[in-house]
Amino acid sequence: MRTPIRQTLYTRLHNSVIEVTIPALSEILDDPEPAVRAAALRALSSIGSESEPAIPFIIEMMGDGNPNVRRAAATALGNIGGPSKHILQVLILTLADKDNDVQLAASRSITKMGGASVRLLIKAMENPDPSVRLLVAATLENLGNEAVLAIPALSQALHDDDHAVRLAATYALEAIEEISKSK
């Protein structure tokens, strides 16, 4: 049981640790070793929203040459950042990353941010790359009822030249409809 005094001491200790940890981890993001950068990103990610001051550094890591670092950065943005338009734009651009694991991490992070991402995802459905359109449709599927605004774009994707995009759009529309019926 936490007494008021213990709670106050815990809060002060926690705040002191966070005050030192976030800047230290942000500095480690310059390390020449990719495994160290990825570990620092995972640590920031596990801290959660209190790592928000590190977001500009994390966004910079989205351009890292190592896919493990980019994946950790995409995951961190989903765990730390709120659904800001800038973070969502960065994550949506990451759906076109050349590494599938990085793309999936970006998709999961966008999903965590919920309905705020739908308008940007609708625009991303116009991407010329079918693999991006596929991932956008899958992300919209994961958003379920929150993606109701995307129904026209997903309906249009049913006529996409790419079979996989058509299939993903079908699944997304089914998910949105199923959740809408259950409410």
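All of these numbers come straight from a predicted model, not from anything done at the bench.

### Considering the overall build of the protein chain
Move 1: A count of helices and strands for the protein chain gives 10 helices and zero strands.
Move 2: Its helices and strands taken in sequence order, the protein chain reads α-α-α-α-α-α-α-α-α-α from the N to the C terminus.
Move 3: Viewed in the frame of its principal axes, the protein chain has a C-alpha envelope of about 60 × 45 × 20 Å.
Move 4: Put simply, the protein chain has 183 residues, and 42% of those count as buried.
Move 5: Considering only contacts in the protein chain between residues 6 or more positions apart, those separated by 24 or more positions represent 61%.
Move 6: Of the roughly 10100 Å² of accessible surface on the protein chain, 56% is carried by carbon and sulfur atoms.
Move 7: Distance from the positive charge centre (17 side chains) to the negative charge centre (22 side chains) of the protein chain: 6 Å.

### Quick notes on the nonpolar core
Move 1: Counting 53 residues, the largest nonpolar core has Ile58, Leu77, Leu91, Leu95, Leu140 and Leu154 as the members making the most contacts within it.
Move 2: The residues contacting Leu154, other than those within four sequence positions of it, are Met125, Ala137, Leu140, Ala169, Ala172, Leu173 and Ile176.

### Points about helix 4 (residues 67-80)
In an α-helix, one full turn covers 3.6 residues, which means residues spaced three or four apart are oriented alike.
Move 1: Compared with the 20 Å implied by 1.5 Å per residue over 14 residues, the 20 Å span of helix 4 between its first and last C-alpha is a close match.
Move 2: Of all the positions in helix 4, only Val69, Arg70, Ala72, Ala73, Ala74, Ala76, Leu77, Gly78 and Ile80 are classed as buried.
Move 3: Looking at the packing, one finds that the buried side of helix 4 touches helix 2 (34-47), helix 3 (55-61), helix 5 (85-94) and helix 6 (100-112).
Move 4: The backbone nitrogen of Asn68 lies 2.8 Å from a side-chain oxygen of the residue at the head of helix 4, namely Asn66.

### Observations regarding the pattern of salt bridges
Move 1: A full pass over the atoms with the stated rule returns four salt bridges.
Move 2: Notably, a salt bridge pairs Arg37 with Asp64, separated by 2.9 Å at the nearest N-O pair. Linking Arg37 in helix 2 with Asp64 in the loop between helix 3 and helix 4, this pair joins segments that are 27 residues apart in sequence.
Move 3: The closest approach of N and O atoms between Arg71 and Asp101, which form a salt bridge, is 3.8 Å. Taken as a pair, Arg71 in helix 4 and Asp101 in helix 6 lie far apart in primary sequence, 30 residues in all.
Move 4: For Arg71, a relative accessible area of 29% puts it in the partly exposed group.

### Overview of a nonpolar patch on the surface
Move 1: A contiguous nonpolar surface patch, about 220 Å² in accessible area, is contributed by Val148, Leu149 and Ile151.
Move 2: Within the fold, Leu149 resides in the loop between helix 8 (130-143) and helix 9 (151-157).
Move 3: Leu149 gets classed as partly exposed once you look at its relative accessible area, which sits at 47%.

### Description of the packing of helix 1 (residues 4-28) against helix 2
Move 1: Contact geometry of helix 1 with helix 2 gives a least axis separation of 9 Å together with a crossing angle of 150 degrees. Of the possible angle classes, the one that applies to helix 1 and helix 2 is roughly antiparallel. Our pair here, helix 1 against helix 2, has a crossing hand that is left-handed. Facing helix 1, whose interface residues are Ile18, Thr21, Ile22, Leu25 and Ile28, helix 2 presents Val36, Arg37, Ala40, Ala43, Leu44 and Ile47.
Move 2: Looking at the contact of helix 1 with helix 2 residue by residue, the class counts come to nine nonpolar, one polar and one charged.

### Details of the packing of helix 4 against helix 6
In helix packing, the relevant descriptors are the interaxial angle and the interaxial distance, both defined with respect to the helix axes.
Move 1: Look at helix 4 against helix 6: their axes get within 8 Å of each other, and the N-to-C directions meet at 5 degrees. With respect to helix 6, the element helix 4 is oriented roughly parallel. On the side of helix 4, the interface is formed by Pro67, Arg70, Arg71, Ala74, Thr75, Gly78 and Asn79, while helix 6 contributes Asp101, Val102, Ala105, Ala106, Ser109 and Lys112.
Move 2: When the residues that make up the contact of helix 4 with helix 6 are grouped by side-chain class, the tally is five nonpolar, four polar and four charged.

Conventions and cut-offs
- Residues numbered from 1 in each chain as written.
- Predicted model: local features only at pLDDT ≥ 70, side-chain atom pairs only at ≥ 80, totals over all residues.
- Heavy atoms only, no water.
- Helix = DSSP H or I, 4+ residues; strand = E, 2+ residues; numbered from the N terminus.
- Buried < 20%, exposed > 50% of the residue type's maximum accessible area, 1.4 Å probe, protein only.
- Contact = heavy atoms within 4.5 Å.
- Areas by Shrake-Rupley, 256 points an atom, 1.4 Å probe, with all protein chains shown as cover.
- Lys, Arg positive; Asp, Glu negative; His and termini not counted.
- Charge placed at Lys NZ, Arg CZ, Asp CG, Glu CD.
- Core = buried A, V, L, I, M, F, W, Y, C linked by side-chain atoms within 4.5 Å.
- Expected span 1.5 Å × (residues − 1).
- Polar contact = N/O pair within 3.5 Å; in protein donor to acceptor, adjacent residues only side chain to side chain.
- Salt bridge = Lys/Arg side-chain N within 4 Å of Asp/Glu carboxyl O.
- Patch = residues over 30% accessible without salt bridge, like charges linked within 9 Å, V, L, I, M, F, W, Y side chains within 5 Å.
- Axes fitted to C-alpha atoms, helices over the stretch in contact; angles between N-to-C directions.
- Parallel < 35°, antiparallel > 145°, perpendicular 65-115°, else oblique.
- Left-handed = near helix turned anticlockwise from the far one by under 90°.
- Nonpolar A, V, L, I, M, F, W, Y, C, P; charged D, E, K, R; others polar.

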